[in-house]
Amino acid sequence: MNATSTSLTRRSLLRRALGASCLTLGGGGIQRLAFSEDSAAASGRDLLVTIFLRGGCDGLGVLAPVDDPHYRAARQAPLRIVEKGERSGLAIKNGYAGHDWRLHADAVPLQELYTHGDLAMIHACGLKNGTRSHFDAQDMMERGISEQKNLGLGTGWLTRLLDSLPGTGLLPGLSADGAMPASLLGSSRAAAIATLQDFSYYGDDRQMKALRLMHAQGGELAAGGNRMLNLLAEVTKKLPKNGDGGVASYVPAKGVTYPEHEFSNSLKTVAQLAKMEIGLQVAAINYGDWDTHTGQDYRLNDLVTNLAKPLHAFYADLAAQKQRTTIVIMSEFGRRLKSNESGGTDHGHGNLMWVLGGGIQGGRCFGQWPGLANDKLDEHADLAITTDYRQVLGEVLQARMRGAEVAKVFPGFTPGVPLGLV
Amino acid sequence: MIYYLDGVESRASPANENFARELFELHTLGVRNYLNHLHTKWRDVPGALEGKPAGYIDQDVYEAARAFTGWTVENGNEDDDGAKRPNTGKFMVREAWHDPYQKRVLATEFDSQRPALEDGMRVIDLVARHPATARHIAEKLCRRFVSDTPPEALVAKATTEFTAAFDAPDQIARVMKVILLGAEYRSAPATKFKRPLEFLASYLRVTGADFAPRMDVVYQLDEMGQRLFRWPTPTGHPDTKDYWQSGTFLLRRWNLPLNLRDDSWKGIASFHFLTLTPAQCTTAGQVLSFWSQRLLGQEVAEKSRAVLLQVLTEDDDAKAASDFSGDDKDRDIRIASCVALLAASPEFQYR
């Protein structure tokens, strides 16, 4: 897999050239929606944010036992986290027994969240299936399954989670991306909104009414079209406007600055909607380009930097509601222990998973570390998996999302002994 | 692909597996024939001991990756030995990077010390001729051109043709003929959701617009989900409708004709709505009928007819029979608004 990075300034080019004549909504048969959603605090449910690192994040390049001779033998720095020097790894407490555990040198914001007790790490975690295909592995994890034979399942795990939760808010589920991820496949309660900039229909009231009528005639676009029209009507009212009536840029909490990055844009969309009190319960974010077959040294530095800083900003932005916010970060698989001869690593198996939130027992590493000796590796090549990814997700749901039916969210999965994350 | 999937840097050893993996998974046998969750040794794959493995596993990927080591590009780089490559962009083989030892791919043995070109070409022949490849490619073509869920009979016919025409110089053209001339194609309902480029092109065509494309259009297609030439993964865009119908992609689709009407990207398209409307269409109802037929091939549904007439006349009391009056510029813009809505209707979204 490969990935071209997205131009960060492109969005600004997309601003509508016209002075946007923002529509005034309200008349014309727009249906009002009832807001009977309790506040998240009273409901016993967090806002659950899932961040999927697409392409296979190199967990062994992000958190590693730097003094393990097997680790040292398999890779040269800078593909290996090192103990000494200008770019030495960041020491952490409460790592797995027996080794000096270090985070990637650019993970300072993550180290801070960990040290503060908000961030938990689970290594050697993932999808217990032999696949090393990005697309197969992502499809299975997003459907909450572990076997190819169940790939026909027409719903994602977040779809089933939303279906098992009460709540009648306007927007229970969000994909902060242009498209719906497979985790929200088939959801009638979620919408994909990449950015709230330009979140408006350019037509007037009559045209809006016409659109509504055209989408009221049934057909496969009816549900999605009407959901989008309802969102336009309600969300647009709540969006701050600038001088010429267009949507004003999002202003985060005082003192918070998001770095310029596509990932920041997704996080800002989630933060803005979370603060809007429209019943948001689940938000899915993608962060791509982790498939570092080549050039891993500089690419992973950028990837980690642009994961850690925006995430830190997001968490600070939602500080007022951090006791009811849980963020999970996952990837489809880890990467090969031994690096290839083109400065990268190929598809591996076990990986690192993170959980961040005010209700999380952070500052610790959870699960079992299987070791990196050849006979401990999966297929004698890759980090083994000791914790099923659904164990982590299930524990989070059980404790933080009251009412979630874990057995329905992860059909066929039998949870093991709790890790103690929450 | 050598650049895109990192072959350009792949050398012994360990090889870079990116190209070899996607060659199997995306370009030939397909992920449904990736059996690594069932088997970890080549000889355990059904059919392997007869030289006809039903699918592939990671061992095949590893071995194929070795076979391709040394396949690279004349990109002007300086190699370890100090020699500078020409900078032509052409394919080249760097024998010094090749892993020359014996290999086994899809249960077929490769002797040691064979040149890089031969090793790689053997892999390509093996995967190209594998029966799973015929089926995978035939199905992809049927999905692309006929339906998200193509009829099994058609896929089977296309698969047969792919195999029969394997050595023909126009193999794919022959397969396409089978697909496009088949009864299944002709009788298939129009269920393929237009991609943004198709949506834009069909809108410009049906409105007879003069079009001068610029990058603004590419950015707009991007906002509608189609990242021309820069889709981030080697899968290509999803070829089923769910993707194109999500949230803001739909919103951008509704807005696009309005942006064009308002000339939001100066000078990209100019329209001639009034000129194209026949002179005998003197009432709003006749104008709406003309444009409905033109975009949708049918009258607009009765339920939305009244409001479309209101848009056309900018009068909430409009009746179907009312005169379509006003100065030319005004009428032209009102037709544009109405046609923009017809283009946003569900019926216009299908190919």
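Preceding this section is the structure that the text describes.
Residues numbered from 1 in each chain as written. Chains lettered and ligands numbered in written order. Predicted model: local features only at pLDDT ≥ 70, side-chain atom pairs only at ≥ 80, totals over all residues.

Topic: the overall build of chain B
Now for step 1: In terms of helices and strands, chain B carries 15 helices and 6 strands.
Now for step 2: A compact globule built from 351 residues should have a C-alpha radius of gyration of about 20 Å, whereas chain B, at 27 Å, is more than 25% larger.
Now for step 3: Expressed as lengths along the three principal axes of its C-alpha atoms, the size of chain B is roughly 85 × 50 × 35 Å.
Now for step 4: Considering chain B as a whole, with its 351 residues, one finds that 42% of them fall into the buried category.
Now for step 5: For chain B, long-range pairs separated by at least 24 residues make up 63% of all intrachain contacts whose partners lie at least 6 apart in sequence. (Helix = DSSP H or I, 4+ residues; strand = E, 2+ residues; numbered from the N terminus. Rg over C-alpha atoms; globule rule 2.2 N^0.38 Å. Buried ≥ 20, exposed ≤ 12 C-beta atoms within 10 Å, placed from the backbone. Contact = placed C-beta atoms within 7 Å.)

Focus on the interface of chain B and chain A
Accessible area lost upon the coming together of the parts is a frequently used measure of interface size.
Now for step 1: Each side of the interface is counted separately: chain B has 59 residues, and chain A has 54 residues.
Now for step 2: When contributions to the side of chain B that touches chain A are tallied by element, the ones reaching two or more residues are helix 1 (18–27), helix 9 (215–223), helix 11 (247–261), helix 14 (302–313) and helix 15 (328–344) of chain B.
Now for step 3: With 9 residues, helix 11 of chain B is the single largest residue contributor to the side of chain B that touches chain A.
Now for step 4: Of the residues assigned to the side of chain B that touches chain A, the class counts are 24 nonpolar, 22 polar and 13 charged. (Nonpolar A, V, L, I, M, F, W, Y, C, P; charged D, E, K, R; others polar.)

Brief notes about the nonpolar core
Now for step 1: Within the largest apolar cluster, 157 residues are counted, with the highest numbers of intra-cluster contacts made by Leu161(A), Leu174(A), Val270(A), Ala283(A), Trp354(A), Leu308(B) and Cys338(B).
Now for step 2: A per-element tally of this core places helix 11 (residues 296–317) of chain A first, with 9 residues.
Now for step 3: Each residue touching Leu174(A), except ones within four places of it in the same chain, is listed here: Ala190(A), Ala191(A), Ile193(A), Val270(A), Leu273(A), Leu280(A) and Ala283(A).
Now for step 4: Formed by 26 residues, the second largest nonpolar core is a distinct cluster that contains Phe19(B), Tyr34(B), Ala48(B) and Ala116(B). (Core = buried A, V, L, I, M, F, W, Y, C linked by C-beta atoms within 7 Å.)

Thoughts on the sheet that holds strand 2 (residues 63–65) of chain A
Residues and elements named next belong to chain A.
Now for step 1: Overall, antiparallel pairing links the 3 strands, which are arranged 2-4-3 in an open sheet. Two strands close off the open sheet at either side, each with one partner strand: strand 2 and strand 3 (90–91).
Now for step 2: The pairing of strand 3 with strand 4 (residues 101–103) spans 2 bridges and is antiparallel. Its bridge partner lying in strand 4, Ala91 is registered against Arg102. (Pairing = 2+ DSSP bridges.)

A short note on the environment of Arg102(A)
Now for step 1: Here Arg102(A) is to be found in strand 4.
Now for step 2: Discounting residues that sit within four places of it in the chain, Arg102(A) has contacts with Ala64(A), Val66(A), Ile81(A), Gly89(A), Leu90(A), Ala91(A) and Ile92(A).

Points about the packing of helix 8 (residues 205–214) of chain A against helix 14 of chain B
Now for step 1: Relative to each other, helix 8 of chain A and helix 14 of chain B sit at 165 degrees, their axes nearing to 9 Å. One way to sum up the angle between helix 8 of chain A and helix 14 of chain B is to call them roughly antiparallel. Here the hand of the crossing between helix 8 of chain A and helix 14 of chain B comes out left-handed. Contacts from Arg206(A), Gln207(A), Lys209(A), Ala210(A), Leu213(A) and Met214(A) of helix 8 of chain A reach helix 14 of chain B at Lys303(B), Ser304(B), Val307(B), Leu308(B), Gln310(B) and Val311(B).
Now for step 2: Grouping the amino acids of the contact of helix 8 of chain A with helix 14 of chain B by side-chain chemistry returns 6 nonpolar, 3 polar and 3 charged. (Axes fitted to C-alpha atoms, helices over the stretch in contact; angles between N-to-C directions. Parallel < 35°, antiparallel > 145°, perpendicular 65-115°, else oblique. Left-handed = near helix turned anticlockwise from the far one by under 90°.)

Let's talk about the pairing of strand 5 (residues 119–126) of chain A
A regular strand carries its side chains on alternate faces of the sheet.
Residue and element names in this part refer to chain A.
Now for step 1: Counting buried residues in strand 5 gives 8 out of 8 residues, a clear majority hidden from the surface.
Now for step 2: As paired elements, strand 5 and strand 11 (residues 365–366) share 2 bridges and run parallel to each other. Across the sheet, residue Ile122 finds its bridge partner in strand 11, namely Phe366.

Some points on helix 13 (residues 284–296) of chain B
Residues and elements named next belong to chain B.
Now for step 1: In this model helix 13 runs 17 Å from its N-terminal to its C-terminal C-alpha over 13 residues, within 8% of the 18 Å that 1.5 Å per residue would give.
Now for step 2: All of the buried residues in helix 13 are Ala284, Val287, Leu288, Trp291, Ser292 and Leu295. Take helix 13 and look down its axis: the buried residues cluster within an arc of 130 degrees, on one side only.
Now for step 3: Turning to helix 13, the residues buried within the fold contact helix 8 (196–206), helix 14 and helix 15.
Now for step 4: Within two residues after helix 13, Gly297 carries a phi angle of roughly 70 degrees, on the positive side. (Expected span 1.5 Å × (residues − 1). Arc of directions from axis to C-beta.)

Considerations on the pairing of strand 8 (residues 282–287) of chain A
All names here are of chain A.
Now for step 1: For strand 8, the buried fraction is high: 5 of the 6 residues fall into the buried class.
Now for step 2: Pairing analysis gives 6 bridges linking strand 1 (residues 47–53) to strand 8, with the strands arranged parallel. Among the inter-strand pairings, Leu48 is bridged to a residue of strand 8, identified as Val282.
Now for step 3: The pairing of strand 6 (residues 173–175) with strand 8 spans 3 bridges and is classified as parallel. Bridging from a neighbouring strand, Leu174 pairs with Ala283 of strand 8.

Describing the packing of helix 5 (residues 108–115) of chain A against helix 11 of chain A
Residues and elements named next belong to chain A.
Now for step 1: Two elements in contact, helix 5 and helix 11, have axes whose closest approach is 7 Å; the angle formed by their N-to-C orientations is 40 degrees. If you check the angle between helix 5 and helix 11, you find them oblique. Note on element contacts: helix 11 touches helix 5 through Ala308, Lys309, Leu311, His312 and Tyr315, opposite Val108, Pro109, Leu110 and Leu113.
Now for step 2: In terms of residue class, the contact of helix 5 with helix 11 is made up of 7 nonpolar, 1 polar and 1 charged.

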